[in-house]
Amino acid sequence: MRFALPDELEYPGGSASTQVLVKYPVSDATIEPIGPRVAKPPSRDDVNVMYKLISAQTNEWMKRKAHEIAKQQTDSTASIQRVQDQYDSSIRMLSDQFNNRIQLQTQSVEKVIQDEKTRIRLAEEAEKRRLEEEARRKRLEKERLQREEEERRRKEEARRKAEQERIEAERKQKEAEEKRKKEEQRKCEETARLKAEQEEKAQKEAELEKQRAEQLEKEQEQATTNFKSIEKSFLKYKQDIQDIKTQIVAPLDANRELKKQVNQYKRKINPKFGQLSNSMSHTRTVSMEVYNLVVPTQSNELVYKWILNFIAKAIIDQAETEVIVRPFAARPLAALAYFLLEKFPDFEYFLTARFIKKCPYILGYTCSIDSEEGRKRMGWKRNQDNKWEDDVKYDERVGGICTVWSVMTHQSNAQIGIYSHTSSWKFVARILNTDINLIRNTHFELLANWWEATGGDFANEYGNQSRKLMFAMVGAFVDIVASKRFPAAARLRLLGEEWQTRGTIQGLKQMES
């Protein structure tokens, strides 16, 4: 190695040592004996020169190597490209040859297939024509056989039908003859039966009409002549109210345990009155719910009677408030009340006492209201300022109560107590026979409400006898107070005129099913 360079490193013009000696000749040399000596380190300038020389030679060598590598790469690339071109050319030639052979082979196969398809198609068409011809012959033969069979059946059916028609005609003729004879016999029997029933019905109706006339005459006589008896009945119901307070309400209020028990039933029953509607089925459902709530209380007589009294008061309260606003609400309320009357006989005692207390006119009772006692008897109430309620409010309130009671008089065939046809007749007759000095607008308000609530049912029940009473009500009875110009009297007259014009009474809306 020279100057720490590789031995094989070549320089132009000679070796590295020669070039250095030529460029830098030795000017000063010392000859010393050969022997051990200490090497003298080169100077900085020598090192720099040597470094530059080395760098120049290294760079030159690297450039040559890079040139040689680039040339080798270019030659290699060109060689590879030539090989690739030859390869591609060979592939294309082989591909073209292969494709040509495949195309020729495909065409040959397709021709063979096409020829075979044509042969098969022709064979199938020939077979199809043969089968169609054979099927046609079979079809024609089958059709011929079917026509022959149908013709045979038709003739057989016609023969059978003709025979059946002959037999059926004979049977019908025989049945018609028997039916005619039976019908004639039935008509004779029916005529005789109807005649007998009509005669019996006419006889019963005549007897019933006679009994009604006698009963009505008796009631009219009593109503005209026995107002003291009416007052006695009124005082009896008034005493019933006092007995209820002292014998039922007070003892139960004193018993905290029972009071707690009845309050539970009260909270369950009270909402039922607000659930009533114009639907008959819904009203029956509510009525049954109330019934089921009352039945358990029968185990304790005091609780049972307290609940009945509570229900009676609730019905009257509902009549005083709800019926004033919606008169047709009287029908479901009356239906509930009569349902309970039929289920619980004890209920009549409490309900009747409440009706008479709030509306004594139902009984035919009227007294002067010039005194405190008179107003209390006739069911007047005081306002919060301790003054008597006004006439309009009073008339509306007792009118609502009377409407519910009026519907109940024709609600059921049970005819319980004052909730009957007879009580309805007494109510009208007694008001018409009331002292004219005691007659007020209230009487006409009640009669008008009664007319709309049950006038039509009343007329149907009593027939001609009812017409006499109703004509007197809307005619003569209104005329005797014409000078007083009662508003309700004018309303009653209009209802009467409508009845006389139309021939029917337009009452409260009936309940829906």
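These numbers come from a predicted model, not from an experiment.

1. Overview of helix 11 (residues 421-432)
Next up, step 1: Taking 1.5 Å per residue, 12 residues should reach 16 Å; helix 11 reaches 17 Å between its end C-alpha atoms and fits that length.
Next up, step 2: The buried count for helix 11 comes to 10 of 12 residues, which makes it a mostly enclosed element.
Next up, step 3: If you check which residues of helix 11 are buried, you get His421, Ser423, Ser424, Trp425, Phe427, Val428, Ala429, Arg430, Ile431 and Leu432.

2. Describing the state of the cysteines
Two cysteines, two sulfur atoms, one covalent bond between them: this is a disulfide.
Next up, step 1: In total, this model carries 0 disulfides according to the counting rule given.
Next up, step 2: This cysteine, Cys402, is not joined by any disulfide, and Cys359 carries the nearest cysteine sulfur, 5.1 Å off.

3. A look at the packing of helix 8 (residues 347-358) against helix 10 (residues 391-408)
Next up, step 1: Packing of helix 8 against helix 10 brings their axes to within 10 Å, and their N-to-C directions diverge by 140°. Judged by the inter-axis angle, helix 8 sits oblique to helix 10. As for how helix 8 packs across helix 10, the hand of that crossing is left-handed. Touching Leu351, Phe355 and Lys358 of helix 8 are Arg397, Val398, Ile401, Val404, Trp405 and Met408, all from helix 10.
Next up, step 2: Taken together, the residues that form the contact of helix 8 with helix 10 break down as 7 nonpolar, no polar and 2 charged.

4. A word on a nonpolar patch on the surface
Next up, step 1: On the surface, a nonpolar cluster with roughly 410 Å² of combined accessible area is contributed by Tyr87, Ile91, Met93 and Leu94.
Next up, step 2: Look at Ile91 and you get partly exposed, because its relative accessible area is 39%.

5. Digging into the side chain of Asn441
Next up, step 1: With respect to the helices, strands and loops of the structure, Asn441 is situated in helix 12 (residues 441-462).
Next up, step 2: Residue Asn441 is classed as buried on the basis of its relative accessible area of 16%.

6. Some remarks on helix 4 (residues 256-274)
Next up, step 1: Over its 19 residues, helix 4 extends 28 Å from the first C-alpha to the last, a length consistent with the 27 Å expected when each residue adds 1.5 Å.
Next up, step 2: Buried residues of helix 4: Leu258, Val262, Tyr265, Ile269, Lys272 and Phe273, and no others.
Next up, step 3: Tucked inside the fold, the buried residues of helix 4 contact helix 3 (227-254), helix 5 (280-294), helix 6 (301-325) and helix 7 (330-343).
Next up, step 4: Structurally, the start of helix 4 carries an N-cap: the backbone nitrogen of Glu257 is 3.1 Å from a side-chain oxygen of Asn255.

7. Remarks on the pattern of salt bridges
Next up, step 1: Per the stated rule, a full pass over the model turns up 43 salt bridges.
Next up, step 2: A salt bridge links Arg119 to Glu116; its shortest N-O distance comes to 2.3 Å. Taken as a pair, Arg119 and Glu116 lie in helix 2 (residues 44-225) at a separation of 3 residues, close to a single helical turn.
Next up, step 3: In this structure Glu116 comes out as partly exposed when scored by relative accessible area, which is 34%.
Next up, step 4: One salt bridge in this structure joins Lys155 and Glu151, with 3.9 Å as the shortest N-O distance. Here Lys155 pairs with Glu151, and both are found in helix 2, just 4 residues apart, close to one helical turn.
Next up, step 5: For Glu151, a relative accessible area of 33% gives the class partly exposed.
Next up, step 6: A cluster of three or more residues bridged by salt bridges with shared partners is formed by Glu320, Lys358, Lys381, Glu389 and Arg397.

8. A word on the side chain of Arg375
Next up, step 1: In this fold, Arg375 is placed in helix 9 (residues 372-377).
Next up, step 2: In this structure, Arg375 is buried with no salt-bridge partner, the nearest side chain bearing the opposite charge being Asp391 at 5.1 Å.
Next up, step 3: Not counting chain neighbours up to four residues away, the residues in contact with Arg375 comprise Ile369, Trp380 and Trp388.

9. As for the packing of aromatic side chains
Next up, step 1: Counted by the stated rule, this structure contains 18 aromatic pairs.
Next up, step 2: Plain terms: the ring middles of Phe444 and Phe486 are 5.9 Å apart, the flat faces sit at 40° to each other, and that makes the pair tilted. With Phe444 in helix 12 and Phe486 in the loop between helix 14 (476-479) and helix 15 (487-502), this residue pair connects regions lying 42 residues apart in the sequence. Per residue, the accessibility class of Phe444 equals that of Phe486, and both read buried.
Next up, step 3: When the ring of Phe471 is compared with that of Trp499, the centres are 4.8 Å apart and the planes differ by 40°; the resulting orientation is tilted. One end of the pair, Phe471, is in helix 13 (residues 464-474); the other, Trp499, is in helix 15, and 28 residues separate them in sequence.
Next up, step 4: With relative accessibility at 6%, the residue Trp499 sits in the buried group.
Next up, step 5: Linked through ring pairs, Tyr291, Tyr304, Phe339 and Phe344 together constitute an aromatic cluster.
Next up, step 6: Directly above the aromatic system of Trp388 lies the positively charged group of Arg382, at a separation of 3.9 Å from the ring centroid.
Next up, step 7: Sitting over the ring of Phe328, Lys509 keeps its end group 6.0 Å from the ring centre.

The rules behind these values
- Residues numbered from 1 in each chain as written.
- Predicted model: local features only at pLDDT ≥ 70, side-chain atom pairs only at ≥ 80, totals over all residues.
- Heavy atoms only, no water.
- Helix = DSSP H or I, 4+ residues; strand = E, 2+ residues; numbered from the N terminus.
- Expected span 1.5 Å × (residues − 1).
- Buried < 20%, exposed > 50% of the residue type's maximum accessible area, 1.4 Å probe, protein only.
- Disulfide = S-S within 2.5 Å.
- Axes fitted to C-alpha atoms, helices over the stretch in contact; angles between N-to-C directions.
- Parallel < 35°, antiparallel > 145°, perpendicular 65-115°, else oblique.
- Left-handed = near helix turned anticlockwise from the far one by under 90°.
- Contact = heavy atoms within 4.5 Å.
- Nonpolar A, V, L, I, M, F, W, Y, C, P; charged D, E, K, R; others polar.
- Patch = residues over 30% accessible without salt bridge, like charges linked within 9 Å, V, L, I, M, F, W, Y side chains within 5 Å.
- Areas by Shrake-Rupley, 256 points an atom, 1.4 Å probe, with all protein chains shown as cover.
- Salt bridge = Lys/Arg side-chain N within 4 Å of Asp/Glu carboxyl O.
- Polar contact = N/O pair within 3.5 Å; in protein donor to acceptor, adjacent residues only side chain to side chain.
- Lys, Arg positive; Asp, Glu negative; His and termini not counted.
- Phe/Tyr/Trp six-rings, centres within 6.5 Å; stacked < 30°, edge-to-face > 60°.
- Lys NZ or Arg CZ within 6 Å of the ring centre and 35° of its normal.

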